[in-house]
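# Observations on chain architecture
So you can see what is in the structure, the chains are spelled out below.
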Amino acid sequence: MDSKAKRPLRVKVISMGNSEVGKSCIIKRYCEKRFVHKYLATIGIDYGVTKVKIKDRDVKVNIFDMAGHPIFYEVRNEFYKDTQGAILVYDCSSKESFEALDTWLNEMKREIGNPAEIENVVFCVCANKTDRQKRTVDEAEGRIWADTHGCYYFETSAQTGEGINEMFQTLFSTIVEACENGGKPPSISTSLGYTKEQAEAIQRLKNSKSDWERLGLYPGSSKDEINKAYRRLAVLLHPDKNVAPGSEEAFKILVSARTALLRGK
Ligand code: GTP
Ligand code: MG
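Chains are numbered independently. Their residues run from 1 in the order of the written sequence. For naming, the first written chain is A and the first written ligand is 1, with later ones following in the order written. Where totals are concerned, whole chains, interfaces and linings use all residues; where local detail is concerned, this predicted model gives features only for residues with pLDDT of at least 70, and gives and counts side-chain atom pairs only at 80 or more. Hydrogens are left out, water is left out, and the side-chain values use all remaining heavy atoms of the structure.

Turning next to the side chain of Asn128. The helix count covers DSSP runs of H or I at least four residues long, the strand count covers runs of E at least two residues long, and both are numbered beginning at the N terminus. Assignment of secondary structure puts Asn128 in strand β5 (residues 122–128). Identification of polar contacts relies on pairs of N or O atoms within 3.5 Å, with a donor-acceptor requirement for protein atoms, meaning one able to donate a hydrogen and the other able to accept it, and with residues adjacent in sequence counted only if both atoms are side-chain atoms. Of note is the side chain of Asn128, whose polar atom sits 3.4 Å from the backbone nitrogen of Ala158. When residues no more than four places from it in sequence are discounted, the contact partners of Asn128 are Val21, Gly22, Ile26, Val89, Tyr90, Asp91, Cys92, Thr156, Ser157 and Ala158. Any two residues having at least one pair of non-hydrogen atoms within 4.5 Å are treated as being in contact.

On to the coordination of the magnesium ion (ligand 2), then. Here the magnesium ion (ligand 2) is held by the protein donor atoms Ser24 (OG) and Thr42 (OG1), which lie 2.0 to 2.1 Å from it. Taken together, the positions of Ser24 in helix α1 (residues 23–32) and Thr42 in the loop between α1 and β2 (45–54) put the pair 18 residues apart, joining distant regions of the chain. The buried label applies to any residue whose accessible area, calculated with a 1.4 Å probe on protein chains only, is under 20% of its type's maximum; exposed applies above 50%, and partly exposed to all values in between. Look at Ser24 and you get partly exposed, because its relative accessible area is 23%. Note that water is not among the atoms considered, so a metal site may appear incomplete; the donors listed are N, O and S atoms within 2.8 Å of the metal, with 3.2 Å applied to Na, K and Ca.

Our focus in this paragraph is the pairing of strand β4 (residues 85–91). Counting buried residues in β4 gives 7 out of 7 residues, a clear majority hidden from the surface. A pair of strands is considered paired only if DSSP assigns at least 2 bridges between the two. With 4 bridges connecting them, strand β1 (residues 9–16) and β4 associate as parallel partners. The partner of Met16 across the bridge, within β4, is Leu88. Pairing of β4 with β5, which is carried by 7 bridges, proceeds in the parallel orientation. Across the sheet, the residue bridging to Gly85 is Val122, located in β5.

Moving on, we come to α1. It helps to recall that an α-helix has 3.6 residues per turn; residues three or four apart then point in one direction. Considered for burial, the residues of α1 that qualify are Lys23, Ile26, Ile27, Arg29 and Tyr30. Down the axis, α1 shows its buried residues gathered within 155 degrees of arc, on one side only. Buried-residue contacts for α1 involve β1, β2, β3 (57–66), β4, β5 and α7 (164–179). Just downstream of α1 lies Lys33, where phi reads positive at about 55 degrees. Arc definition: directions from the helix axis to the C-beta atoms.

Another aspect to go through is the nonpolar core. Membership of the largest hydrophobic core comes to 27 residues, with the highest contact counts inside it found for Leu88, Tyr90, Met108, Phe123 and Val125. Other than its neighbours up to four places away in sequence, Tyr90 contacts Val21, Ser97, Phe98, Leu101, Val125, Cys126, Ala127, Asn128, Val137, Gly142 and Tyr153. What is meant by a nonpolar core is a set of buried Ala, Val, Leu, Ile, Met, Phe, Trp, Tyr and Cys residues, joined one to another through side-chain atoms within 4.5 Å.

Per the domain assignment, the segments making up the protein are domain 1 (9–179) and domain 2 (196–263). The straight-line distance from the C-alpha centre of domain 1 to that of domain 2 is 36 Å. Taken together, the 5 residues of domain 1 in the interface contact 5 residues of domain 2. Just to be clear on terms, a salt bridge is a Lys or Arg side-chain nitrogen sitting within 4 Å of an Asp or Glu carboxyl oxygen. The interface formed by domain 1 and domain 2 contains 1 salt bridge. Between Asp138 and Lys206 there is a salt bridge whose closest N-O contact spans 3.3 Å. Inspection of the domain 1/domain 2 interface yields 2 residue pairs in polar contact (both at pLDDT 80 or more). Of the residues belonging to the side of domain 1 that touches domain 2, the class tally is 2 nonpolar, no polar and 3 charged. As annotated, the domain borders come from an automatic or database domain assignment. Gly is placed with the polar residues, together with every amino acid not listed as nonpolar (Ala, Val, Leu, Ile, Met, Phe, Trp, Tyr, Cys and Pro) or charged (Asp, Glu, Lys and Arg).

Moving on: the site of ligand 1. Distances are taken per atom, and a residue is near a molecule or strand as soon as one of its heavy atoms is within 4 Å of it. The full set close to ligand 1 counts 25 residues, and Lys23, Val36, Tyr39, Gly68 and Asp131 are the nearest of them. The separation between an oxygen atom of ligand 1 and a polar side-chain atom of Ser24 is 2.9 Å. Separating an oxygen atom of ligand 1 from a side-chain N or O atom of Lys129 is a distance of 3.0 Å. Alone, ligand 1 offers 660 Å² of accessible surface; in the complex the protein occludes 94% of this. Examining the composition of the shell around ligand 1, we find that 3 residues originate from one element, α1, more than from any other. Within the shell around ligand 1, the residues separate by chemical class into 9 nonpolar, 10 polar and 6 charged. Methods summary: accessible areas were calculated by the Shrake-Rupley approach with a probe of 1.4 Å, and residue burial reflects only the protein chains presented.

Here is the structure:
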């Protein structure tokens, strides 16, 4: 026997996020390779164990699947401590569930208390239910949130299985790496390739209600002001310079907004 064989690792992973975003289904898809359509709310907390092999090392993962509903706060708050990994889930067809990510992170920070312990937790954000047609939170928004909060980001569907294995693989191997490095996870390289300003410009172009708003101008602004605003945004959005998802579409919207506004001059 190899005398240097490493002993098995025991790790703890929790799931967080609003109710009905698909936390239990993501775990079920990974552990049991199946999907349940019917919604069965988690009551307080569900617990399960799975064994994996990461880089020749046996890992026993204890998964604590939390209930998202606020009435279960008293039950789940006990389970935040001594966690190595957290799956932070939102439903990409529910803006509310995306906006709740900050609240979830804050709840965890409050319960754990010690900032050094939080720093050692590996976080994976799941933009879940990507199989749905009606998407209201796009990839760029999700990626930016994850990136600015030091989390990995995955597009997932518990229904089709998209991204689920990749997410767990990253979560477990990063945890193992952290354990072998005295508990400290490697810092996530922010390789987005685009800035927050560029991504926000895309959002504004896509979500604005009027052409004035699209160009960030007051209604009735002069021809000069329109052209100036256009040039500034064109530099920010041009697909040759902006590799964020949606830049091409946003650039087209920008061009037609400018054309429409100048026509009225
Ligand atoms: P709580 O336990 O109440 O916190 O909810 P949860 O986050 O565990 O949600 P759960 O996994 O129970 O899923 C809620 C509902 O969403 C169920 O009806 C699932 O079938 C459905 N669902 C989960 N994941 C997906 C997905 O990827 N795509 C689609 N279309 N539906 C999903
Ligand atoms: Mg659940």
